[in-house]
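# Coordinate inspection notes
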Amino acid sequence: WGVSQNWPIKYISSNCLAILGYSREEMQEESFLYAELIHQDDLQRVIQEVTSYIDNSTESFEQSYRLRLNNGTYRWFYDFSRLIRDDKENLLSIRGYLFDQTALKEAEIAINEAKERAELANKAKSQFLANMSHEIRTPLNGVLGMAQIGYRESVGQGRAQEIFSRILSSGKLLLGIINDILDFSKIEAGKLQLESVPVDPCHTVNAAVETLMERSR
């Protein structure tokens, strides 16, 4: 096509005519402008890119945009273009090679939309877990506080103090689970920091046994 405003078409191949649905005579009329075929959402981007390639003396370039067919529908096209210049580097025309990439582009758009939906769902899940953990931890701290008071005041009351001790142990285990849930949110956000802490296997086993002991009686 020509390099004057809106790119009048100088030559069109039979393959492009078949894809676009126009006649050769129609497309090569002076009033028929290539830019008018480009989707309005793509037009300014395409113009800016072509202008930049021309200003930077680029020999060839690639673009992707939608063109209006003769039946009024739009399809995506991959456009490989070359800038044709004379011996003095004056721009004479732009020669493009079009390939219909509608199926590929629609699949790409569908994948991106699915990715965005998944990211939004994942963000909502992380926010829910964070909120839920906070809502559970607040009353749990109250329970643990009361259990600590009961444990201290039941000194010498063997059975009662044992019950308060189990309440404290179970509550701390539950608090640990809640913290683990928060860690999952941190992992997804890439903000989890690992730390090394000592572990007493005997204490861990005893705590598990004590938690289940009352139920086994």
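Residues numbered from 1 in each chain as written. Predicted model: local features only at pLDDT ≥ 70, side-chain atom pairs only at ≥ 80, totals over all residues. Heavy atoms only, no water.

Tracing the sequence through the fold places R159 in helix α5 (residues 158-189). Here the alpha-carbon distance between R159 and S13, two residues 146 residues apart in the chain, equals 95 Å. (Helix = DSSP H or I, 4+ residues; strand = E, 2+ residues; numbered from the N terminus.)

Between side chains of opposite charge, pairing is possible as soon as their charged atoms come close. One pass over the structure, following the stated rule, counts eight salt bridges. R45 serves as the salt-bridge partner of D42, at 3.7 Å between the closest nitrogen and oxygen. Of the two residues, D42 and R45 are both situated in helix α3 (residues 40-55); the distance of three residues between them amounts to about one turn of the helix. A residue is classified by how much of its surface remains accessible, and D42, at 4% relative accessible area, is buried. The salt bridge involving R75 is made with D100; its shortest N-O contact spans 2.7 Å. (Salt bridge = Lys/Arg side-chain N within 4 Å of Asp/Glu carboxyl O. Buried < 20%, exposed > 50% of the residue type's maximum accessible area, 1.4 Å probe, protein only.)

The terminal C-alpha atoms of α3 lie 23 Å apart, and with 16 residues this matches the ideal 22 Å at 1.5 Å per residue to within 8%. By the burial criterion, the buried members of α3 are D42, L43, V46 and V50. Seen end-on, α3 carries its buried residues on one side only, within an arc spanning 110°. When the buried face of α3 is taken as reference, the exposed residues oriented beyond 90 degrees from it are D41, Q48 and D55. Check the buried side of α3 and you find it contacts β1 (60-68), β2 (74-85) and β3 (91-100). Positive backbone phi, at 55°, marks S57, one or two positions downstream of α3. (Expected span 1.5 Å × (residues − 1). Arc of directions from axis to C-beta. Contact = heavy atoms within 4.5 Å.)

Moving on, we get to the nonpolar core. Of all hydrophobic cores here, the largest spans 25 residues; its most connected members are W7, M27, Y34, I38 and L67. Those elements that place two or more of their residues in this core are α1 (14-20), α3, β1, β2 and β3. The residues touching L67, leaving out its near neighbours within four places in the chain, are L20, Y34, L37, I38, T73, Y74, R75, F77 and L98. Core analysis: the second largest hydrophobic core is formed by six residues, L140, L144, A147 and L168 among them. (Core = buried A, V, L, I, M, F, W, Y, C linked by side-chain atoms within 4.5 Å.)

Below, the discussion takes up the sheet that holds β2. Hydrogen bonds between backbone groups are what pair the strands of a sheet, and the pairing can be parallel or antiparallel. Judged by pairing direction, the sheet is antiparallel, and its three strands sit side by side in the order β1-β2-β3 without closing on themselves. Looking at strand neighbours, the two that pair on one side only are β1 and β3, the edges of this open sheet. When the angles between neighbouring strand axes are averaged without regard to direction, this sheet yields 35°. When β2 meets β3, the two strands line up antiparallel, connected through nine bridges. Each bridged residue has a counterpart across the sheet, and for D79 the counterpart in β3 is L98. Most of the contacts of helix α4 (residues 102-153) go to β2, to which it runs at about 115°, and overall it touches β1, β2 and β3. (Pairing = 2+ DSSP bridges. Axes fitted to C-alpha atoms, helices over the stretch in contact; angles between N-to-C directions.)

Bringing the confidence of the model for the protein into the picture now. Of the residues in the protein, 96% have a pLDDT of 70 or more, and the chain-wide mean is 85. Per-residue pLDDT, averaged within each element of the protein, yields its smallest value for helix α6 (residues 201-216) (73) and its largest for β1 (94). (pLDDT = per-residue confidence, 0-100.)

Mapped onto the fold, K191 is located in the loop between α5 and α6. On the accessibility criterion, K191 (63% relative accessible area) is exposed. Counting along the chain gives 52 residues from K191 to P139, while the straight-line C-alpha distance between them is 26 Å.

Further remarks concern the packing of aromatic side chains. A full pass over the atoms with the stated rule returns four aromatic pairs. On the numbers, 5.3 Å between centres and 75° between planes, the contact of Y22 with F32 is edge-to-face. Residue Y22 is found in the loop between α1 and α2 (24-27), and its partner F32 is found in the loop between α2 and α3; the two are separated by ten residues along the sequence. You can call Y22 buried: its relative accessible area is 8%. (Phe/Tyr/Trp six-rings, centres within 6.5 Å; stacked < 30°, edge-to-face > 60°.)

With that out of the way, let us pick up the pairing of β2. Inspection of the sheet shows β1 paired to β2 by nine bridges, in the antiparallel sense. Counterpart to R68 in the pairing with β2 is Y74. Between β1 and β2, which follow one another and run antiparallel, lie five residues, and G72 among them has a positive phi close to 95°. As consecutive antiparallel partners, β2 and β3 are separated by five residues, and within that stretch E89 has a phi angle of approximately 70°, a positive value.

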